[in-house]
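Per-entry structural report
Next come the chains, spelled out residue by residue.
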Amino acid sequence: MKSNQNILFEEIYQQHHAMVMQMCLGFVRGDHDIAKDLQQEVFISVWKNLKTFRGASSYKTWIYRITVNTCLQHVKKKKKEPTFSISEIENQVPFPEQKTPEKRAISTLYTAIGQLNELDRLLIMMVLDNQDYDTIAEVIGIQPTNVRVKIHRVKKRLKKILENNGNG
Amino acid sequence: MVMDNDFKEFQNEWNNNKNNIELSPNGINTLYDKIKKKEKANYFFYYGTIIILLATLIVISLFFYYVAPVKEILSRIGAGLMICGLIVRIGIEIISIGKAKRMNTIHNTLTATENTIRFHQFRKVIHSIVAPIIVGLYTIGFYMITPEFSLYISRWNLLLIDISYIVIAIILFFVIRKGIKKEMVILSEIMDLRNEITE
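Treat the numbers as computed from the prediction; the structure is a model and nothing was measured.

**With respect to the overall build of chain B**
Looking only at helices and strands, one finds five helices and zero strands in chain B. Reading chain B from its N end, one meets helices and strands in the order α-α-α-α-α. Relative to its length of 199 residues, chain B is extended, with a C-alpha radius of gyration of 26 Å against a globular reference of 16 Å. Dimensions of chain B, computed from C-alpha atoms along their principal axes, come out at roughly 90 × 40 × 25 Å. Taken over 199 residues, chain B has a buried fraction of 16%. For chain B, contacts bridging at least 24 residues in sequence account for 77% of all contacts bridging at least 6.

**Overview of the overall build of chain A**
Looking only at helices and strands, chain A has eight helices and zero strands in total. Walking chain A from its N terminus toward its C terminus, one meets helices and strands in the order α-α-α-α-α-α-α-α. Residues classed as buried in chain A amount to 39% of the 168 residues present. Here the contacts in chain A between residues at least 6 apart in sequence split such that 65% fall between residues at least 24 apart.

**Here's the deal with the nonpolar core**
Ranked by size, the top nonpolar core spans 48 residues in total, and within it Cys24, Leu122, Leu123, Ile124 and Met126 of chain A carry the most contacts. Apart from residues no more than four positions distant in its own chain, Leu123 of chain A is found in contact with Ile136, Lys150, Ile151 and Val154 of chain A. With nine residues, the next largest nonpolar core counts Met82, Leu86, Leu137 and Met144 of chain B among its residues.

**What about helix α6 (residues 118–128) of chain A?**
Of all 11 residues making up α6 of chain A, nine are buried, and the element is well covered by its neighbours. One or two positions beyond α6 of chain A, positive phi appears at Asn130 of chain A, with a value near 65 degrees.

**Section: unusual backbone geometry**
Excluding glycine, residues mostly carry a negative phi; peptide bonds, for their part, are mostly trans. Even without a glycine there, the phi angle at Arg29 of chain A is positive, about 60 degrees. The residue Arg29 of chain A is located in the loop between α1 (4–27) and α2 (32–49) in this model.

**What to know about the interface of chain A and chain B**
Interface size is often expressed as the accessible area that is lost when the parts come together. Tallying the contact residues gives 38 residues for chain A and 32 residues for chain B. At the level of elements, α1, α2, α3 (59–78), α5 (101–114), α6, α7 (133–140) and α8 (144–164) of chain A are the ones that each hand at least two residues to the side of chain A that touches chain B. Among the residues making up the side of chain A that touches chain B, the classes are represented as 19 nonpolar, 10 polar and nine charged.

**Describing the packing of α1 of chain A against α2 of chain A**
All names here are of chain A. Interaxial distance between α1 and α2 falls to 9 Å at its minimum, and their mutual angle equals 140 degrees. Here α2 runs oblique to α1, going by the angle between their axes. For the crossing formed where α1 meets α2, the hand is right-handed. Listed contacts from α2 to Phe9, Ile12, Tyr13, Val20, Met21, Cys24 and Leu25 of α1 are His32, Ala35, Leu38, Gln39, Val42, Phe43, Val46 and Trp47.

**Topic: the packing of α6 of chain A against α8 of chain A**
Residue and element names in this part refer to chain A. The N-to-C vectors of α6 and α8 enclose an angle of 95 degrees; their axes lie 10 Å apart at closest approach. By the angle class used here, α6 and α8 are roughly perpendicular. Residue-level inspection shows Asp120, Leu123, Ile124 and Val127 of α6 in contact with α8, the latter providing Lys150, Ile151, Val154, Arg157 and Leu158. Here the residues of the contact of α6 with α8 sort into six nonpolar, no polar and three charged.

**Quick word on the confidence of the model for chain B**
Averaged over every residue, the pLDDT of chain B is 87; residues scoring 70 or more account for 97%. Overall fold confidence for the complex sits at a pTM of 0.81, while the interface term, ipTM, reaches 0.83.

Criteria and cut-off values
- Residues numbered from 1 in each chain as written.
- Chains lettered and ligands numbered in written order.
- Predicted model: local features only at pLDDT ≥ 70, side-chain atom pairs only at ≥ 80, totals over all residues.
- Helix = DSSP H or I, 4+ residues; strand = E, 2+ residues; numbered from the N terminus.
- Rg over C-alpha atoms; globule rule 2.2 N^0.38 Å.
- Buried ≥ 20, exposed ≤ 12 C-beta atoms within 10 Å, placed from the backbone.
- Contact = placed C-beta atoms within 7 Å.
- Core = buried A, V, L, I, M, F, W, Y, C linked by C-beta atoms within 7 Å.
- Nonpolar A, V, L, I, M, F, W, Y, C, P; charged D, E, K, R; others polar.
- Axes fitted to C-alpha atoms, helices over the stretch in contact; angles between N-to-C directions.
- Parallel < 35°, antiparallel > 145°, perpendicular 65-115°, else oblique.
- Left-handed = near helix turned anticlockwise from the far one by under 90°.
- pLDDT = per-residue confidence, 0-100.

Next comes the structure, spelled out in structure tokens:
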């Protein structure tokens, strides 16, 4: 018989697995295997800390925090890896063999996001995921006004990258 | 306005792709397996070093109590220094575990980053100041015992032990230096991240 923690955990997993996977995919430039590992790391952390969750924020915000911190920890671990060139990144994004227009569009977006620095990547992905400035501020730990300024800058950078890549 | 329209398009692409991410049928079971493995690995990560150090402490203490109960004051101080060095090392390991556990991913990014900085600053101090002191104490203790040991061990064997200790000390020096360098690199990267967050 399943414990209450198992039931709650499975509910959380079902509701948020796609959001976490999408963030991880965007963060690692569309590398499906690494994203899957990162997603598992996030949910291992969720399981470990579920008992201490006091409801000060929503589960979604809480999971965002864990996802952002797990992604940043991944950078620390993998810092020694060589950096990618744009062509390498493009080859790395998913669906290389059968690119429908939709898949091509998301690949282009992953490639562009992958060229931002790590924090900017996470910020823009939360905006893409329709999160408001207050939620993002809560996740990052800074003022919403500061978030607004940062996001404005990141949007500009992303647009420039897409234009340079010929997709603007 | 143009940028906002473009961005709306990106958001649509993003959300369409998210909606296409399917739950793998065996995903939750795989996750439970990983959780079990991770819990085991964490246990060894946190307590493995302490268990090894405690075992060493017990072996050394038993050695000086039953096998070679040194009689001269100089030797007793030496044995005490070696044992104290190990006790301090175990204490540091326990503090280190507490600080490592505080680097939890549930905090907001700024707090998590600051906790990580504190942890690595602590480790830097340990590597650069405390570890050399402990090794120094252990070495002084070791050489304080050797005069009494020389009464029972042949000169060649004693020489061999002394030389091997010097080799170990040299290796330790490089290990500590590598540890300091590693901590410095990590610290500077995390500080850059903190600056990015707060700027």
